[in-house]
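This is what each chain is made of:
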Amino acid sequence: MQYWIFKTEPSEFSIEDLKSKGKSGEEWNGIRNFQARNFLRDKVKSGDQVLIYHSSCKEIGVVGLAEVIKEAFIDKLAFDSNSKYYDEKSDPEKPRWYSVQIRWVKTFDKTISLQQIKNDNNLKETFLVKRSRLSVGEINQKQFERFLKFNSL
DNA sequence: GCCAACGTTGGC
DNA sequence: GCCAACGTTGGC
């Protein structure tokens, strides 16, 4: 079991949008950063736990939990010239970008704010603080449990 | 809306 | 393969 944080702008796609997709979940697509892509393509596995983080919004922070229900598959938006995620350099014979499927598990009662994360000795070591441009990143079990504990406080 | 940080591109 | 220029992210 591995633990991840996926970032999203709630004005584009929020945890409530994910919740509305129900058990079949939603494709996590549009990731256009190579390191994040490598995680999605090579490391993220079915059953992995995913914390959802809202960025570029009023209440920045970790807002809930999801889980992976389908491992890496090709992100077809890269081939759609009408999509904002179109990438002319992605060759259908040799796809560049990948998605995974996740489904909503729970929405936290209260957002765990970036400020709280920065103030926590354990959580301040996460990529949310250290590598703020990365949109998909791994956290360890201890950090994951710390997030859940924050929620239950 | 500003701007610092930083990932990506492309010329050499 | 270096690195300057460029574009984007994301907190404030």
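Each remark here, short or long, concerns the structure printed above.
**Some thoughts on the overall build of chain A**
Stage number 1. The secondary structure content of chain A amounts to 5 helices and 6 strands.
Stage number 2. Starting at the N terminus and walking to the C terminus, you meet the elements of chain A as β-α-β-α-β-β-β-α-α-β-α.
Stage number 3. Against the globule reference of 15 Å for 153 residues, chain A gives a C-alpha radius of gyration of 15 Å, in line with a compact fold.
Stage number 4. A principal-axis box enclosing the C-alpha atoms of chain A has dimensions of 50 × 30 × 30 Å.
Stage number 5. Buried residues in chain A amount to 45% of all 153 residues.
Stage number 6. Restricting to contacts in chain A with at least 6 residues of sequence separation, those with at least 24 account for 71%.
Stage number 7. When the accessible area of chain A is evaluated, it comes to approximately 8600 Å², of which 44% is carbon and sulfur surface.
Stage number 8. Across chain A, the 27 positively charged side chains and the 22 negatively charged ones have centroids separated by 5 Å.

**Focus on the protein's contact with DNA strand C**
Stage number 1. What surrounds DNA strand C is the set Lys7, Tyr53, Ser55, Ser56, Ile60, Leu114, Lys118, Ser132 and Arg133.
Stage number 2. At the protein interface, 77% of the atoms of DNA strand C within 4 Å belong to sugar or phosphate.
Stage number 3. Between DNA strand C and Lys7, the relevant distance is 2.8 Å, taken from a phosphate oxygen to a side-chain nitrogen or oxygen of the residue.
Stage number 4. Separating a phosphate oxygen of DNA strand C from a side-chain N or O atom of Tyr53 is a distance of 2.6 Å.
Stage number 5. Tallied by class, the residues present in the surface near DNA strand C amount to 3 nonpolar, 3 polar and 3 charged.

**Notes on helix H2 (residues 34-43)**
Stage number 1. Of all the residues in H2, the buried ones are Ala36, Arg37, Phe39 and Leu40. For H2, the angular spread of the buried residues around the axis is 155 degrees, confining them to a single face.
Stage number 2. Elements in contact with the buried residues of H2: strand E1 (3-8), strand E2 (26-28), strand E4 (61-74), strand E5 (98-113) and strand E6 (136-139).

**Topic: the side chain of Gln101**
Stage number 1. Tracing the backbone through its elements, the reader meets Gln101 in strand E5.
Stage number 2. There is a polar contact of 3.0 Å between the side chain of Gln101 and the backbone oxygen of Ser24.
Stage number 3. In this view, Gln101 contacts Ser24, Gly25, Glu26, Glu27, Glu67, Val68, Ile69, Lys70 and Phe73; residues no more than four positions away in its chain are not counted.

**Quick notes on the environment of Leu65**
Stage number 1. Checked against the element boundaries, Leu65 lands in strand E4.
Stage number 2. The exposure class assigned to Leu65 is buried, which follows from its relative accessible area of 5%.
Stage number 3. The residues touching Leu65, leaving out its near neighbours within four places in the chain, are Ile15, Gln49, Val50, Leu51, Trp104, Val105, Lys106, Phe108 and Phe144.

Reading guide: rules and limits
Residues numbered from 1 in each chain as written. Chains lettered and ligands numbered in written order. Predicted model: local features only at pLDDT ≥ 70, side-chain atom pairs only at ≥ 80, totals over all residues. Heavy atoms only, no water. Helix = DSSP H or I, 4+ residues; strand = E, 2+ residues; numbered from the N terminus. Rg over C-alpha atoms; globule rule 2.2 N^0.38 Å. Buried < 20%, exposed > 50% of the residue type's maximum accessible area, 1.4 Å probe, protein only. Contact = heavy atoms within 4.5 Å. Areas by Shrake-Rupley, 256 points an atom, 1.4 Å probe, with all protein chains shown as cover. Lys, Arg positive; Asp, Glu negative; His and termini not counted. Charge placed at Lys NZ, Arg CZ, Asp CG, Glu CD. Near = heavy atom within 4 Å. Polar contact = N/O pair within 3.5 Å; in protein donor to acceptor, adjacent residues only side chain to side chain. Nonpolar A, V, L, I, M, F, W, Y, C, P; charged D, E, K, R; others polar. Arc of directions from axis to C-beta.

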